[in-house]
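Fold and geometry: a report
For reference, the chains in residue letters:
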Amino acid sequence: MTHDHSAPDIAAERARREQDLLERVLRSFDDCADPRLKELMRALVRHLHAFLREVRLSEEEWRKGVEFLTRVGHITDDVRQEFILLSDVLGASMQMITMNNPAHGDATEATVLGPFFVDGAPRIELGGDVSGGAPGEPCWVEGTVRDTAGAAVPGARVEVWEADADGFYDVQYDDDRTMGRAHLFTGPDGEYRFWANTPTPYPIPHDGPVGALLAAVGRSPMRASHLHFLVKVDGYRTLVTHIFVRGDDLLESDTVFGVRDSLVKDFESRPADTPTPDGRAINGLWSKARFEIVLAPV
Ligand code: BEZ
Ligand code: FE
């Protein structure tokens, strides 16, 4: 008797073989002594195989994917971390932050660190200048650091960094300049204040494979204008965040999904010759922003 393989038979047989293979791979972790590693590897394999099967990946597409990841590896070194950039544009970095910084009362929300934080930025006093001479429109930023019960947090280390008006961080120039970054400590009432530059939009590094990926999918590499903060003090969860500029067109399309409504602040524009909070003479436009920071306990 001949058996006539109908189309449903072939599809069922294919699915059975695919499932068989998946189960064999999952069983290969049975003897893993580390239960967490076992859980991670099994879930990774399940999701990877589900992806391959869902999209029916062709061998040509698989090869292109491997080549892409190879390029991501090749361009990565001590200062350029293309894997983190990939995680950023896929929203994975922001998902990690969302998962690992659960809301705590009205504690300030966290967002991405980004690749341009540098340890050991210069110290400035309260009211000092973060810009270090970087080109841009001056901006007075002030606020307080408090805990979730409303008590002032004195002596908190507040690190601030930002791109210049041309869209570059100091470390992107090859002349060893230090500009647009500094740290200061909150005063006895948790207060802080400094001059910086009004944030402007800039692209993430897009001359590598991640930039090529964004171009291929029709996405912009631009980040919404922002000023980075890292606030650290014993007894509290370290806060890595930014403030964004209300009215910025890029708030909805920030390429690393870093914007949170609570972090969008008014940067009030002040005409030239308006007296500044500390009496500093400025002969052009300047702006002013307030950012109240609330730290969650560890
Ligand atoms: C940044 O804001 O500095 C940044 C964040 C993620 C990727 C690239 C840059
Ligand atoms: Fe940035």
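First, a word on scope: everything that follows refers to the structure included in this document. Keep in mind it's a predicted model, so treat the numbers as computed, not measured. (Residues numbered from 1 in each chain as written. Chains lettered and ligands numbered in written order. Predicted model: local features only at pLDDT ≥ 70, side-chain atom pairs only at ≥ 80, totals over all residues. Heavy atoms only, no water.)

This part is about the coordination of the iron ion (ligand 2). Only Y169 (OH), Y202 (OH), H226 (NE2) and H228 (NE2) from the protein reach the iron ion (ligand 2) as donors, at distances of 1.9 to 2.1 Å. Of note is the iron ion (ligand 2), whose six donor atoms meet at the metal with angles of 54 to 168 degrees in an arrangement that counts as irregular. Binding-site remark: the iron ion (ligand 2) is held by donors from one chain whose sequence spacing is Y-x32-Y-x23-H-x1-H. Taken together, the residues Y169 in the loop between β2 (157-161) and β3 (181-185) and Y202 in strand β5 (residues 202-203) connect sequence positions 33 residues apart. (Donors = N, O, S within 2.8 Å, 3.2 Å for Na, K, Ca; no water. Tetrahedral: all angles 85-135°; square planar, octahedral: opposite > 155°, others 65-115°. Helix = DSSP H or I, 4+ residues; strand = E, 2+ residues; numbered from the N terminus.)

What surrounds ligand 1 is the set L85, D88, G114, P115, F116, Y169, Y202, I204, R223, H226, H228 and V256. Contact distances for ligand 1 include 2.7 Å between an oxygen atom and a side-chain N or O atom of Y202. Between R223 and ligand 1, the recorded distance is 2.6 Å, taken from a side-chain N or O atom to an oxygen atom. Notes on ligand 1: free accessible area 260 Å², of which the protein chains cover 100%. Structurally, ligand 1 is housed in the largest cavity. Within the residue set of the shell around ligand 1, elements represented by two or more residues are α4 (82-89) and β7 (226-232). (Near = heavy atom within 4 Å. Polar contact = N/O pair within 3.5 Å; in protein donor to acceptor, adjacent residues only side chain to side chain. Areas by Shrake-Rupley, 256 points an atom, 1.4 Å probe, with all protein chains shown as cover. 1 Å grid on protein atoms, 1.4 Å probe; cavity = no way out; pocket = protein on both sides within 12 Å on 5 of 7 lines; lining within 4 Å. Sits in = over half its atoms within 2 Å of the grid points.)

Attention now goes to the nonpolar core. In terms of nonpolar packing, the biggest core is built from 45 residues, with V145, Y192, F194, F229, V231 and I293 touching the most fellow members. When residues of this core are assigned to their parent elements, the largest contribution, four residues, is made by strand β8 (residues 239-245). In this structure Y192 touches L126, V141, E142, G143, T144, V145, L184, T186, F229, F291 and I293, once residues within four positions along its chain are discounted. Among the nonpolar cores identified, the runner-up in size contains six residues, and F116, A163, Y169 and L230 belong to it. (Core = buried A, V, L, I, M, F, W, Y, C linked by side-chain atoms within 4.5 Å. Buried < 20%, exposed > 50% of the residue type's maximum accessible area, 1.4 Å probe, protein only. Contact = heavy atoms within 4.5 Å.)

What follows deals with the packing of α4 against helix α6 (residues 209-216). In the contact formed by α4 and α6, the axes pass within 9 Å of each other and the chain directions differ by 25 degrees. Here α4 is positioned roughly parallel relative to α6, judged by the angle of their axes. Between α4, through E82, L85, L86 and V89, and α6, the contact on the second element is made entirely by P209, V210, G211, L213 and L214. In the contact of α4 with α6, the residues fall into seven nonpolar, one polar and one charged. (Axes fitted to C-alpha atoms, helices over the stretch in contact; angles between N-to-C directions. Parallel < 35°, antiparallel > 145°, perpendicular 65-115°, else oblique. Nonpolar A, V, L, I, M, F, W, Y, C, P; charged D, E, K, R; others polar.)

Within the fold, T198 resides in the loop between β4 (191-197) and β5. A relative accessible area of 16% means that T198 is categorised as buried. A polar atom in the side chain of T198 sits 3.5 Å from the backbone oxygen of P138. Apart from residues lying up to four places away in sequence, T198 is in contact with E137, P138, C139, E162, F267 and S287.

Applying the stated criterion to the full structure yields three cavities of 30 Å³ or more. Counted as a void, the largest cavity has a volume near 90 Å³. Lining of the largest cavity is provided by 14 residues; of these, G114, P115, Y202, I204 and R223 occupy positions nearest its centre. Looking at the lining of the largest cavity, the elements that each hand over two or more residues are α4, β5 and β7. By residue class, the composition of the lining of the largest cavity is nine nonpolar, three polar and two charged. (Points joined across faces, edges and corners; volume = space filled by probe spheres on them.)

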